[in-house]
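Residue-level listing of the chains:
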Amino acid sequence: PAWALALRAQLLPHIGMAELQVAFRRARRLRGHEEQTARQLRGSIRDREEALRVVQRDGRMLRFATDELRDDRDLALVAVRQSAYAIQWVSENLRSDREIVLTAAKQKGIALEWAGTELRSDPEIVLEAVKENGEMLWCAAKELRADRAIVLVAVRQRGSALNFASEVLRLDRTLVLEAVKQDGEVLRDVSSGLRADREVVLAAVAQNADAMMWADTALVEDRAFVLEALRRNGQALEFTSEVLRADREVVLTAVCQTGDALQWASEALQGEEAVVHEAVLQSGNALQFASETLRGNRDLVLGAVLQCGDALQFASAGLSADRNLVLEAVRQEGAALQWAAEGLKGDREVVQESVRHCGEALQFGSVALRGDRDLVMDAVRENGYAMRFTAPELRAERQFVLEALQQCASGAVADVLEAVSWELCTDPELDLEAWRREDFEGLTRNALGMDCEVARANPFAVRGSSARVCSVSEVVWKDTGLHCRASIGLSGMEVSGVFPDSATWGDLGRWLRQQQEGDGCYIHMVFHSHDRPVSPFDAHNPLMDIASEFAEASARAAPATATPAASAAASTLELAAVRAASRSRSPARGHERDRADCAALLANGPQHPPIGVLRFSADRVLVALPIEASRSRSRSRG
């Protein structure tokens with residue numbers, strides 16, 4: 001939801017991902033209070049530059065801006081260009097702005113609902129709105145709902161818009177005809193005279209068989225009219241009289257158009273071979289509506305399975321054991337193997353034919369055949385997901401797993417890996433192939449909401465996905481830059497490198513990815529300084545922050561062999577981060593104030609003199625201060 005995106009954007013720079021995940025879990029338990037939460041967040045975006053950046057990505061974020069920003073015309077225009085729904089959160093004053101409303105209406109007709117009263121009388125705006133959503137005619141001014149040209153556009157887009165037209169226009173035959181062509185159910189609400197109009201009713205039935213319910217009684221009882229209607233939509237047989245449903249010509253006309261109309265035929269006609277034959281030629285599954293006797297007729301069943309292999313499930317028990325019939329069924333639909341007799345599920349030729357058309361049909365084969373190497377290879381070549389149904393010994397063979405990964409559908413990689421042995425899950429080539437096939441873009445869009453272009457350049461795997469683990473054991477800032485040391489994967493290979501002060505977690509992740517074979521895969525990165533998992537959202541975090549965490553951990557774990565003075569200083573060290581001033585300051589002025597704040601802290605700090613300024617950077621100053629043991633060790637007080 002939009003409020004969740006705003007919450008994440010607002011909180012992520014200030015709290016960790018683990019804490020944010022906890023917050024989201026709590027938020028999910030309060031789904032019923034979404035609007036209440038949104039009201040609480042309203043006004044949380046106060047800075048115009050921040051608001052502009054946010055609405056460029058999602059115009060709906062305008063709802064969380066202050067009243068002053070929601071009255072900013074340029075900002076509102078940017079928001080509605082990105083999302084027409086943003087118009088509902090612009091100020092009342094801007095809802096009467098013609099350019100803003102027209103921009104929104106061109107994207108989504110529903111924007112007309114929030115337009116000012118005077119703009120609902122604007123023909124151009126209303127016309128743009130009904131082009132996109134005909135039902136928005138209800139928001140138009142009364143005089144425009146009586147405008148034939150506008151109503152015609154509306155009903156051509158959505159037939160139900162006719163209900164919002166003026167009384168006079170609802171009697172217009174041309175408009176009604178256009179409306180029922182879009183939505184046959186509109187016939188229910190038109191005048192009785194038009195429900196007796198043959199052309200209007202035929203157009204409605206062609207679009208929706210249910211329209212036959214509202215046709216004039218005289219038409220429904222007219223055999224010639226019913227025959228014409230059934231030629232357009234055979235399902236309309238349901239709404240004809242019992243006499244006509246027992247009429248052979250009428251039923252034949254219906255099943256020749258739609259085979260499933262056989263279900264509405266009289267019991268006698270459901271047992272007539274010629275009628276059922278025509279039905280199954282149109283829809284094999286119509287076999288289920290035939291009489292028990294005809295479902296045992298081999299010729300009829302053969303015609304049904306040739307049209308739809310799954311029709312085998314409606315054949316008699318004797319025919320499901322007919323080898324040639326089952327072969328024809330699995331050639332049409334591999335999964336039809338599940339309806340075959342148990343004896344044929346152990347027939348190698350039948351099962352092989354089945355898996356060549358549907359690899360997952362392997363699950364319906366006998367246990368013995370699921371261990372047949374050639375047959376299993378055919379199955380995984382058709383669909384890698386079939387690997388889940390192979391014999392256990394084949395799941396440990398590399399060639400089968402590699403073939404399965406190469407052929408499995410995007411997004412099914414995790415399911416394939418779940419079925420294979422643990423040893424193969426750690427195979428570097430298989431691991432790389434898995435990540436090539438994984439739908440990382442889809443996972444990112446659905447689970448994280450991250451921009452896909454950003455996701456592709458991201459080195460970090462989505463939580464819960466399989467990827468190598470890189471453990472970072474040291475990040476130290478020195479005059480030459482940030483020195484990092486890490487171990488890669490189960491091999492424990494040690495690597496080290498030096499990064500500029502401006503480096504991010506993502507830079508370190510990409511470098512670690514390059515140090516292992518198969519560059520291009522994703523990794524899970526873990527820092528020894530904390531147990532918080534690194535997620536794709538952390539890629540932009542400054543690496544300098546981790547250096548401060550390692551420095552703090554090192555200071556607290558000072559060796560006992562140090563001098564008393566050094567031990568006392570180390571045991572009381574706390575690293576404080578003096579954040580940049582409020583967002584209202586300009587970046588340059590904020591930096592100057594940071595330096596001034598730091599100078600004041602150094603001059604007027606606690607009784608013990610400060611150790612010194614460890615680091616200046618663009619947005620923070622790191623200062624090492626000795627703190628008395630009896631005082632609070634919270635970072636905020638430090």
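None of these values were measured; they are calculated from a predicted model. (Residues numbered from 1 in each chain as written. Predicted model: local features only at pLDDT ≥ 70, side-chain atom pairs only at ≥ 80, totals over all residues. Heavy atoms only, no water.)

Undergrad: Any chance you could explain the overall build of the chain here in plain terms?
TA: Broken down by element type, the chain carries 32 helices and seven strands. Relative to its full complement of 638 residues, the chain shows a buried share of 48%. The contacts of the chain with a sequence gap of at least 6 include a subset with a gap of at least 24, amounting to 49%. Split by element, the accessible area of the chain, about 30,900 Å² in all, is 48% carbon and sulfur. (Helix = DSSP H or I, 4+ residues; strand = E, 2+ residues; numbered from the N terminus. Buried < 20%, exposed > 50% of the residue type's maximum accessible area, 1.4 Å probe, protein only. Contact = heavy atoms within 4.5 Å. Areas by Shrake-Rupley, 256 points an atom, 1.4 Å probe, with all protein chains shown as cover.)

Undergrad: Even after reading the chapter, I still don't get the pattern of salt bridges, so can you show me in this structure?
TA: When the charged atoms of two side chains lie near each other, side chains of opposite charge can form a pair. Under the criterion given, the structure shown has 35 salt bridges. Across the pair glutamate 135 and arginine 158 runs a salt bridge, and its minimum N-O distance is 3.9 Å. With a gap of 23 residues between them, glutamate 135 in the loop between α8 (123-132) and α9 (148-157) and arginine 158 in the loop between α9 and α10 (173-182) connect regions that are remote in the sequence. We classify glutamate 135 as partly exposed; its relative accessible area is 28%. The partly exposed category is assigned to arginine 158, whose relative accessible area is 34%. Salt-bridge contacts for arginine 231 lead to glutamate 228; the nearest nitrogen and oxygen are separated by 3.3 Å. Taken as a pair, arginine 231 and glutamate 228 lie in helix α14 (residues 223-232) at a separation of three residues, close to a single helical turn. (Salt bridge = Lys/Arg side-chain N within 4 Å of Asp/Glu carboxyl O.)

Undergrad: Please clarify how the pairing of strand β1 (residues 468-478) should be interpreted in this entry.
TA: Look at any regular strand and the pattern is simple: side chains alternate between the two faces of the sheet. Summarising the sheet, β1 and strand β4 (residues 523-527) pair through five bridges and their orientation is parallel. For arginine 468, the partnering residue across the bridge sits in β4 and is isoleucine 523. In terms of strand pairing, β1 meets strand β2 (residues 481-488) through eight bridges, oriented antiparallel. Counterpart to lysine 478 in the pairing with β2 is glycine 481. (Pairing = 2+ DSSP bridges.)

Undergrad: Just to check I follow, could you spell out the sheet that holds β2 for this structure?
TA: Within a sheet, each strand pairs with its neighbour through backbone hydrogen bonds, oriented either parallel or antiparallel. What the four strands build is an open sheet, ordered β3-β2-β1-β4; its pairing is mixed. Across the chains shown, the open sheet's two edge strands, defined by having one partner strand only, are β3 (493-499) and β4. Across the sheet, the mean angle separating the axes of adjacent strands is 30° when strand polarity is ignored. Where helix α29 (residues 505-514) meets the sheet, its contacts fall on β1, β2, β3 and β4, and the angle it forms with β4 comes to roughly 120°. (Axes fitted to C-alpha atoms, helices over the stretch in contact; angles between N-to-C directions.)

Undergrad: Honestly, the packing of helix α19 (residues 298-307) against helix α20 (residues 323-332) in this entry has me stumped. Any pointers?
TA: Close contact between α19 and α20 brings their axes to 8 Å; oriented N to C, the two are set at 20°. As the angle between them shows, α19 and α20 are arranged roughly parallel. Judged by the twist between their axes, the crossing of α19 over α20 is left-handed. Of the residues in α20, those in contact with Arg298, Val301, Leu302, Val305 and Leu306 of α19 are Asn324, Leu325, Glu328, Ala329 and Gln332. Taken together, the residues of the contact of α19 with α20 break down into six nonpolar, two polar and two charged. (Parallel < 35°, antiparallel > 145°, perpendicular 65-115°, else oblique. Left-handed = near helix turned anticlockwise from the far one by under 90°. Nonpolar A, V, L, I, M, F, W, Y, C, P; charged D, E, K, R; others polar.)

Undergrad: Is there a simple way to explain the confidence of the model for the chain in this structure?
TA: Detailed reading of predicted coordinates is not advised where the pLDDT is low. Taken as a whole, the chain shows an average pLDDT of 78; of its residues, 70% reach a score of 70 or greater. For the stretch residues 559-594, pLDDT sits under 50, and the model shows 55 contacts to residues farther than four places along the chain or on other chains. Within the model, the stretch residues 601-621 combines pLDDT values under 50 with 52 contacts to residues more than four positions away or in other chains. (pLDDT = per-residue confidence, 0-100.)

Undergrad: Any chance you could explain the packing of helix α16 (residues 248-257) against helix α18 (residues 273-282) here in plain terms?
TA: For any two helices packed against each other, one specifies the inter-axial angle together with the distance between the axes. Relative orientation of the contacting elements α16 and α18 amounts to 15°, with a least axis distance of 7 Å. Taken together, the axis directions place α16 and α18 in an arrangement best described as roughly parallel. Crossing geometry of α16 relative to α18 is assigned as left-handed. Contact with α16, carried on its side by Arg248, Val251, Leu252, Val255, Cys256 and Gln257, involves Ala274, Val275, Glu278, Ala279 and Gln282 of α18 and no other residues of that element. When the residues that make up the contact of α16 with α18 are grouped by side-chain class, the tally is seven nonpolar, two polar and two charged.

Undergrad: Help me out: how do you make sense of α10 in this one?
TA: One full turn of an α-helix is made of 3.6 residues, so residues set three or four places apart face in the same direction. What α10 keeps buried is the set Leu175, Val176, Leu177, Glu178, Ala179 and Val180. The inward-facing, buried residues of α10 contact α9, α11 (192-195) and α12 (198-207). With a side-chain oxygen positioned 3.0 Å from the backbone nitrogen of threonine 174, the residue opening α10 is aspartate 172. (Polar contact = N/O pair within 3.5 Å; in protein donor to acceptor, adjacent residues only side chain to side chain.)

Undergrad: Honestly, the side chain of aspartate 378 in this entry has me stumped. Any pointers?
TA: Of note, aspartate 378 is situated in helix α22 (residues 373-382). Not counting residues up to four positions away in its chain, the partners in contact with aspartate 378 are Gln352, Val355 and Arg356.

Undergrad: What is the right way to look at the environment of serine 320 in this model?
TA: Here serine 320 shows up in the loop between α19 and α20. Setting aside its immediate chain neighbours within four residues, serine 320 contacts Leu312, Val326, Trp339, Ala340, Ala341 and Leu344.

Undergrad: Even after reading the chapter, I still don't get the packing of aromatic side chains, so can you show me in this structure?
TA: What describes a pair of aromatic rings is the distance from one ring centre to the other and the angle between the planes of the rings. Enumeration according to the criterion identifies three aromatic pairs in this entry. Pairing tyrosine 385 with phenylalanine 389 gives two aromatic rings, centres 6.0 Å apart and planes at 70°, and the pair type is edge-to-face. On the accessibility criterion, phenylalanine 389 (17% relative accessible area) is buried. The positively charged end of arginine 188 is found above the aromatic ring belonging to tryptophan 214, 5.2 Å away from the centroid. (Phe/Tyr/Trp six-rings, centres within 6.5 Å; stacked < 30°, edge-to-face > 60°. Lys NZ or Arg CZ within 6 Å of the ring centre and 35° of its normal.)

Undergrad: I would appreciate a short explanation of the environment of arginine 57 in the present structure.
TA: Tracing the chain through its elements places arginine 57 in helix α4 (residues 48-57). A relative accessible area of 57% means that arginine 57 is categorised as exposed. Between the alpha carbons of arginine 57 and glutamine 82 there is a distance of 7.3 Å; along the sequence they are 25 residues apart.

Undergrad: What is the right way to look at α9 in this model?
TA: Listed as buried for α9 are Ile150, Val151, Leu152, Ala154 and Val155. Taken together, the buried residues of α9 touch α8 and α10. The N-capping residue of α9, defined by a side-chain oxygen 3.0 Å from the backbone nitrogen of alanine 149, is aspartate 147.

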